[in-house]
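Residue strings, one per chain:
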Amino acid sequence: MAGAGALLALATLVWIAAQASVLAGSVAEGLKPETLGAVVTTMDLGKAGVLRAGVAVLATILALVLKPARTSWFTAAGLGAIATATFAWMGHGAATEGPGGLIHLVSDIFHSWAGAVWVGALVAFALILRARSPTPAGLLALHRALHGFSGVGTLLVAVLVASGLANSWFLVEPDRLSSLWTTPYGRLLSLKLLLFTAMLGLAAANRFRLTPALARGLNEPLRQGEALADLRRSIALETAAALGVLALVAWFGTLAPPAAM
């Protein structure tokens with residue numbers, strides 16, 4: 001967690017410098033104090049970036065000094081939620097004008113939160129599954145985590161679908177659905193939807209087939225190895241699909257959406 005916080009802080013500072021360079025027309029001009037100052041004091045995306053970097057630094061320090069406990073986990077989650085929300089000011093959600101602007105921005109924030117919780121859970125499961133020969137207590141904890149997350153996962157999917165539809169309403173618009181196949185933005189968005197569908201399929205397999213198989217393996221040691229191997233494979237594929245989604249979002253976030261054309 002400390003490493004993630006430090007990387008987020010560093011990446012955010014580099015992003016602020018890159019954004020200033022783009023606006024100034026050159027790296028030399030962008031790195032001038034007056035240019036950087038203008039970005040972080042007069043632009044909402046700059047202010048959001050400063051907040052994100054500050055939160056990331058604070059999270060890094062707390063991760064290094066606090067002992068693992070319920071309070072420290074809740075603190076980390078709260079800081080993570082703030083940092084994740086600031087990404088909405090980097091995308092198209094903050095650029096929507098008119099009465100729908102606030103709706104689009106809030107929808108973008110909830111979309112980011114739901115995606116962050118899902119990806120974070122995948123990382124946690126992957127870390128738990130690192131042990132090649134987990135103890136009985138470790139297997140029981142893994143099963144409880146997988147089983148307990150199933151209800152949360154359903155809520156996350158509902159939030160992602162609802163907020164995704166709201167975002168698409170603003171960025172694509174119902175009368176321009178054909179642009180999903182005719183524009184670079186639309187093609188990348190379509191590919192993202194395919195990867196999201198794959199993630200849904202893998203998550204459903206985890207919930208309805210692999211997690212029950214692991215439960216049976218708790219009482220039948222001969223089945224444990226196969227159940228764990230299937231879970232590792234499924235979590236790895238789902239994580240790879242999630243990273244693909246994030247990469248696509250970073251890519252088509254730089255393109256003009258169909259609604260702006």
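Keep in mind that this is a model prediction, so the values were computed, not measured.

Thresholds, definitions, all that
Residues numbered from 1 in each chain as written. Predicted model: local features only at pLDDT ≥ 70, side-chain atom pairs only at ≥ 80, totals over all residues. Heavy atoms only, no water. Core = buried A, V, L, I, M, F, W, Y, C linked by side-chain atoms within 4.5 Å. Buried < 20%, exposed > 50% of the residue type's maximum accessible area, 1.4 Å probe, protein only. Helix = DSSP H or I, 4+ residues; strand = E, 2+ residues; numbered from the N terminus. Contact = heavy atoms within 4.5 Å. Phe/Tyr/Trp six-rings, centres within 6.5 Å; stacked < 30°, edge-to-face > 60°. Expected span 1.5 Å × (residues − 1). Bend = angle between axes of the 7 residues up to and from the residue. Salt bridge = Lys/Arg side-chain N within 4 Å of Asp/Glu carboxyl O. Patch = residues over 30% accessible without salt bridge, like charges linked within 9 Å, V, L, I, M, F, W, Y side chains within 5 Å. Areas by Shrake-Rupley, 256 points an atom, 1.4 Å probe, with all protein chains shown as cover.

1. A look at the nonpolar core
Item 1. Membership of the largest hydrophobic core comes to 23 residues, with the highest contact counts inside it found for Trp118, Leu142, Met199, Leu214 and Leu231.
Item 2. Of all the secondary-structure elements, those providing two or more residues to this core are α6 (101-128), α7 (136-171), α9 (184-219) and α10 (221-252).
Item 3. Counting residues per element, this core draws most heavily on α10, which supplies 7 residues.
Item 4. Every residue in contact with Trp118, bar those within four places of it in the chain, is listed here: Leu156, Val157, Leu160, Phe196, Met199, Leu200, Ala203 and Glu238.
Item 5. With 8 residues, the next largest nonpolar core counts Leu171, Val172, Tyr185 and Leu189 among its residues.

2. Quick look at the packing of aromatic side chains
Item 1. With the rule as written, the count across this model stands at 4 aromatic pairs.
Item 2. For the pair Phe110 and Trp113, a centre-to-centre distance of 5.3 Å together with 80° between the ring planes defines the contact as edge-to-face. Of this pair, Phe110 and Trp113 both sit in helix α6, separated by 3 residues, roughly a single helical turn.
Item 3. Residue classification places Trp113 among the partly exposed positions, given a relative accessible area of 32%.
Item 4. On the basis of an interplanar angle of 70° and a centroid distance of 6.0 Å, the ring pair of Trp118 and Phe196 is categorised as edge-to-face. A residue pair is termed long-range when its members are at least 10 positions apart, and Trp118 in helix α6 and Phe196 in helix α9 qualify at 78 residues. As far as burial versus exposure is concerned, Trp118 and Phe196 are alike and both buried.

3. Comments concerning α9
Item 1. With 36 residues, α9 extends 52 Å from end C-alpha to end C-alpha; this agrees with the ideal 52 Å at 1.5 Å per step.
Item 2. Where α9 bends most, the angle comes to about 40°, and this point is Asn206.

4. Notes on the pattern of salt bridges
Between side chains of opposite charge, a pair can form as their charged atoms come close.
Item 1. Scanning all chains against the criterion turns up 2 salt bridges.
Item 2. Note that Lys32 is salt-bridged to Glu29, the shortest N-O span being 2.9 Å.
Item 3. When its relative accessible area of 33% is taken as the criterion, Glu29 is described as partly exposed.
Item 4. Residue Arg233 pairs with Asp230 through a salt bridge whose shortest N-O separation is 3.0 Å. With Arg233 and Asp230 both in helix α10, this residue pair falls 3 residues apart, about one helical turn.
Item 5. Of the residues examined, Arg233 reaches a relative accessible area of 48% and is grouped as partly exposed.
Item 6. Owing to a relative accessible area of 21%, Asp230 belongs among the partly exposed residues under this scheme.

5. Remarks on a nonpolar patch on the surface
Item 1. On the surface, Val57, Ile61, Leu64, Val65 and Leu66 cluster together into a nonpolar patch covering about 470 Å² of accessible area.
Item 2. Note that Val57 resides in helix α4 (residues 44-65).
Item 3. Under the relative-accessibility criterion, Val57 is labelled partly exposed at 44%.

6. Some details on the side chain of Ser234
Item 1. Topologically, Ser234 is positioned in helix α10.
Item 2. Filtering out sequence-adjacent residues up to four positions away, Ser234 remains in contact with Leu202, Asn206 and Leu210.

The analysis is restricted to geometry; functional conclusions fall outside its scope.
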